[in-house]
Amino acid sequence: MPDVFTKSKRSQVMARIRSRGNKDTEMVLARLLRSHGITGWRRHQPVFGRPDFIFRMHRLAVFVDGCFWHGCQRCYRAPASNRKFWSAKYQRNKDRDRRVGRELRKSGWCVLRIWEHQLSKPAAVVARLQKAMQS
C-alpha cells in the first residue's frame, strides 16, 4: 500500500516520534526475571549508555538488543528502500554499542547483551544471566 504522505511530510512525522527503549523486549525480560525469582535489578538508572537493566551489586549492565535496530547477523534484513540510510544507521548503532560496552567495562561493569531472538529460549537467557552474576 502506498504511503499517504509525501517523503518530506513522512520525514517530519517520523522525526516527531520519540521512543523510550524497546519496551516489548524489555518487558519480556522483566517477566522472565520475575518468573525465575531473579532479584536486585533496576531499570532506567543513570548509568552510562543507559542499560536496559542493571544489577548494581554485581556491577552487571544488561542490554536487550532488538534484532532490527542493532543489526543481528542472524535476523537482520535491510529494508528494500533507502538502503544507504539504513546501512549508515545500522553502522552507527553498532559503533555506539561497542563504545558503550568498552566504557562500561573500563568502569568495572560486566556487560551482557541479549538479542531479541534469544528471548524465545528463556532457559538459555536465565543461564547466561546467572553465570554473569556469579563472575
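In case you missed it, the structure is sitting above this.
Structural notes, computed from the coordinates. (Residues numbered from 1 in each chain as written. Predicted model: local features only at pLDDT ≥ 70, side-chain atom pairs only at ≥ 80, totals over all residues. Heavy atoms only, no water.)

Structural notes on the side chain of aspartate 97
Our working definition: Put simply, DSSP H or I for four residues or longer makes a helix, DSSP E for two residues or longer makes a strand, and each gets a number counted from the N terminus. Residue contacts follow a heavy-atom distance rule, with two residues in contact if any of their heavy atoms lie within 4.5 Å.
Position of aspartate 97 relative to the elements: it lies in helix H3 (residues 83–106). Aspartate 97 has contacts with Asp65, His70 and Arg113, leaving out every residue within four places of it along the chain.

Some thoughts on the pattern of salt bridges
Definition in use: Here a salt bridge means any side-chain nitrogen of Lys or Arg lying within 4 Å of a carboxyl oxygen belonging to Asp or Glu. Exposure classes here rest on a 1.4 Å probe applied to the protein chains alone. A residue is buried below 20% of its type maximum, exposed above 50%, and partly exposed in between.
By the definition in use, this model includes 6 salt bridges. The salt bridge partner of arginine 43 is glutamate 26, with a shortest N-O separation of 2.4 Å. With arginine 43 in the loop between helix H2 (23–35) and strand S1 (53–55) and glutamate 26 in helix H2, the pair connects residues that are 17 residues apart, well separated along the chain. On the accessibility criterion, glutamate 26 (2% relative accessible area) is buried. With a shortest N-O distance of 3.4 Å, lysine 106 and glutamate 103 are connected by a salt bridge. Of this pair, lysine 106 and glutamate 103 both sit in helix H3, 3 residues apart, which is roughly one turn of that helix. Take glutamate 103: its relative accessible area is 30%, and that puts it in the partly exposed class. Beyond isolated ion pairs, a larger network of salt bridges with shared partners links Asp65, Arg96, Asp97 and Arg113.

Thoughts on the packing of aromatic side chains
Put simply, the rule reads: Ring geometry is summarised as follows: Phe, Tyr and Trp rings, the Trp one being its six-membered ring, pair when their centres sit within 6.5 Å, and such pairs are stacked at plane angles under 30 degrees, edge-to-face over 60 and tilted between the two.
Scanning all chains against the criterion turns up 5 aromatic pairs. Ring centres of tryptophan 69 and tryptophan 86 lie 5.7 Å apart, and the angle between their planes is 55°; on these two criteria the pair is classed as tilted. Of the two residues, tryptophan 69 sits in the loop between strand S2 (60–65) and H3 while tryptophan 86 sits in helix H3, which places them 17 residues apart along the sequence. Overall, tryptophan 69 belongs to the partly exposed group, its relative accessible area being 43%.

Comments concerning the pairing of S2
On a regular strand, one side chain projects to one face of the sheet and the next to the other, so that they alternate. The criterion, for reference: Two strands are said to pair when DSSP picks up at least two bridges between them. When the strands point away from the viewer, a crossover counts as right-handed if the route from the first strand across the helix to the second turns clockwise.
Counting buried positions along S2 gives 6 out of 6 residues, so the element sits mostly inside the fold. Neither face of S2 is open: one carries Leu60, Val62 and Val64, the other Ala61, Phe63 and Asp65, and all of them are buried. In terms of strand pairing, S1 meets S2 through 3 bridges, oriented antiparallel. By the bridge assignment for S2, isoleucine 54 is matched with alanine 61. With antiparallel pairing between neighbouring strands as the criterion, S1 and S2 make up a hairpin whose turn holds 4 residues, including arginine 59 at a positive phi of roughly 50°. Pairing between S2 and strand S3 (residues 110–115): 6 bridges, direction parallel. Following the sheet pairing, alanine 61 is matched in S3 by valine 111. Each parallel crossover has a hand, and the one from S2 via H3 to S3 is right-handed.

Things to note about unusual backbone geometry
The backbone phi angle of histidine 44 is positive, close to 55°, even though this residue is not glycine. Assignment of secondary structure puts histidine 44 in the loop between H2 and S1. Here histidine 44 falls in the exposed class, since its relative accessible area comes to 53%. The phi dihedral of asparagine 82 falls on the positive side, at around 55°, and the residue is not glycine. Within the element layout of this structure, asparagine 82 appears in the loop between S2 and H3.

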